[in-house]
Amino acid sequence: MMIIAFLLIVLGLVLGVPVPFTFLGVAAYLVFALELDPTFLLPYASSEIRSVVLLAIPLFIMIGGITFQSGMGSTLVKWVDVVFGKVRGGLGVVSIVSCAVFGSISGSALATLSAIGSIMFPQLHANGYPKGYSAALLSSACVLGLYIPPSALMILFAWTGGQSVLACFLATVVPGIILIILLSIVNFVMLRNVKEIHVREKSPIKEDIKLFGQRGYRAAPAMMLPVIILGGIYGGIMTPTEAAAVSVLYAIPVGIFVYKGLTVRKLLDTFVSTATSTGVIMLMMFAMMMLSRVFIMEDLPHTILDYLTAVSDEKIVLLLMLNVFMILIGMLMDDVSGVLLSTPILLPVAQLIGVHPIHFAAILAINLGMGNVTPPTAPLLFLGAKLGDSNVSDMLKPTLYLILFAWLPTLLLTTYVPGLAMFLPGLILGISY
Amino acid sequence: MVQILNQAYNWLLSAQKAILIICSIIIIGGISTQAAFRYVFRIAFFGFEELVVLLAFWLYFIGASYGTYSKSHIQADVIPMYIKNQKIKSGMYLAVSLVTIIIAIIFGIWAIEMFTWTFERSPTTPMLKIPHILYDGVILLGFLLMTFYFLVHFVEDIKSFIKMVGSGKDGGDQGEQERGALL
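For clarity, every value in this text was computed on a predicted model and none was experimentally measured.

**A short note on the nonpolar core**
Counting residues in hydrophobic clusters, the biggest one holds 209 residues, and the most contacted among them are I49 and F295 of chain A together with F107 of chain B. Per-element accounting of this core gives the leading share, 17 residues, to helix α15 (residues 264-297) of chain A.

**A closer look at the interface of chain B and chain A**
In this complex, chain B contributes 55 residues to the contact, which on the side of chain A involves 56 residues. Of the roughly 4700 Å² buried where chain B meets chain A, counting both sides, 81% is carbon and sulfur surface. Of all residues in chain B, Y60, I74 and W110 of chain B give up the largest surface area on contact with chain A, accounting jointly for 16% of the area buried on that side. There are 2 salt bridges connecting chain B and chain A. Notably, a salt bridge pairs R50 of chain A with D136 of chain B, separated by 3.6 Å at the nearest N-O pair.

**What to know about helix α4 (residues 56-70) of chain A**
Residue and element names in this part refer to chain A. The terminal C-alpha atoms of α4, which comprises 15 residues, lie 21 Å apart, in line with the 21 Å expected from a rise of 1.5 Å per residue. Burial analysis of α4 places 13 of its 15 residues in the buried class, which makes it a mostly covered element. Positive backbone phi, at 85°, marks G71, one or two positions downstream of α4.

**Some details on the pattern of salt bridges**
Residue and element names in this part refer to chain B. On inspection of all chains with the given rule, the structure shows 5 salt bridges over all chains. Put simply, E120 and R121 hold a salt bridge, and the shortest N to O gap is 3.6 Å. Using a relative accessible area of 58% as the deciding quantity, one classes E120 as exposed. In this structure R121 comes out as partly exposed when scored by relative accessible area, which is 49%.

**As for the packing of aromatic side chains**
Residue and element names in this part refer to chain B. The full count for this structure, using the stated rule, is 25 aromatic pairs over all chains. Where F45 meets F48, the ring centres are 6.3 Å apart and the plane angle is 55°; that geometry is what we call tilted. Owing to a relative accessible area of 33%, F45 belongs among the partly exposed residues under this scheme. The exposure class of F48 is buried, given its relative accessible area of 14%.

**Observations regarding unusual backbone geometry**
Omega for the peptide link from P149 of chain A to P150 of chain A comes to 5°, which places this bond in the cis form. Tracing the backbone shows P150 of chain A in the loop between α9 (144-147) and α10 (152-161). With a phi close to 55°, K71 of chain B is a non-glycine residue in the positive phi region. Along the chain, K71 of chain B falls in the loop between α2 (48-69) and α3 (78-82).

Calculation rules
Residues numbered from 1 in each chain as written. Chains lettered and ligands numbered in written order. Predicted model: local features only at pLDDT ≥ 70, side-chain atom pairs only at ≥ 80, totals over all residues. Heavy atoms only, no water. Core = buried A, V, L, I, M, F, W, Y, C linked by side-chain atoms within 4.5 Å. Buried < 20%, exposed > 50% of the residue type's maximum accessible area, 1.4 Å probe, protein only. Helix = DSSP H or I, 4+ residues; strand = E, 2+ residues; numbered from the N terminus. Contact = heavy atoms within 4.5 Å. Buried area = accessible area lost by both parts, 1.4 Å probe. Salt bridge = Lys/Arg side-chain N within 4 Å of Asp/Glu carboxyl O. Expected span 1.5 Å × (residues − 1). Phe/Tyr/Trp six-rings, centres within 6.5 Å; stacked < 30°, edge-to-face > 60°.

Any functional reading would require information that these geometric values do not contain.
Dropping the structure here:
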């Protein structure tokens, strides 16, 4: 029965049935096939999503929308450009670091790609960077928005898996930094022989320091956002939801009066688009709550574990198989659907083989982030192609290099060196593993 | 008649947008105010969460139905991406639309059952005594609106399919462009 359910999920997804309705359809199939009483499903899902914690998701998406509309992204890019803009391939690093910096404000990879991509693509093209390469690089780099806190994905994981939001936020930071470094190295190596690239002229170091200060001053109001969010949360002053709401309240006047890109019209449009995105995510969550309830009733995690341990009972091999499973999920669906499907099924399996849930949060996040840029279902790759005016086919080769030499090493390190993901949760929250 | 229906359709969309904007503003203002009062004045609003979650429910389900109207639901679309024949592709979109409608109807019926159950027993929240029917009602409303918009898209897909079959074209970008234009 469960195998048919899985096949139906895959079939629904590849045929193009909207993801929440694929989940709902499979839940309905299981209700009928297992002759369950359907009256418990909706009230169960309804009671599960009555949580104020979940409200942080739309609020963080909203911050992404407001910062994008207000033009804060361009200020941040100019600031980062002072440091990295003068070496061959430096603009690529500016893009990567800008995505990470923007990720500390926005909780979403799509918002990061829209904000930084719309600023960086014209500059990259004007400076001779190949279009396919630029689109591939930014599609990969924007995933950093999921790893540098706050992260809407980690809120979803924490809530679905019953874990601490703060610990999950911290778990992806070190893997995120490793990814920044590896993406930058691959960027330099891939561009070392591209002669068409223009490099900004060298200038005296004093001038650079002055420029850094001037642009830093201009970027300071935007950089107050991560201070409010992270300081508020980790200082114990606010919950993640409150920190997100206060940040939205701060970002609105800053966007209108300081950066002047935000208007009342744009703000109202941002409210509607954010609410729509939230509705889409929450419907998926609502559907997944029902489906996972049936999965748990049928003891699916133990069934999966039995299948896995039939192959091997070595933790290294089991982790490898879990990773392959998650990579396949990541290739088939977007990160939000992936986290909603994987968490209730795979988190118990991971715990049974001795993986700490917070460590698993980081493993899952890297897998699903990589899935976002891995065809056939690669939403960020397709958006990157659209924003970067490139063909997806031109992006495939650079994407493959980025996956092989940046993503996969990050995934392996995160999986097999638990200390990397657990370092900050241990240091700040005292979580041991 | 068509004009009246069009007006009603536009009014419905405007009403949904208004609900989304109002809920967003109250949620942002409410949560920030609560945080400020708790931190500065050491005052907590008991039961405030019940109100915020109610508004969140309206945001989620009206947002989800608006997402159905604007075709914002996430789809993988792997197989249709590789099909070049536009007739087959259109036929597949029709089949997918039909399956989605059937699923929406099943959950619409279950939502009606949940709503009726709540209506008969009239439970309320512990602190502010907010009737549960306001939570369950918007779930029902959300599923009804989603079913309605899926039906609208289904009719559009049928028109597109008929037009394509009638034109005798079966492949290439032209067929795709015509489908786009029709939608």
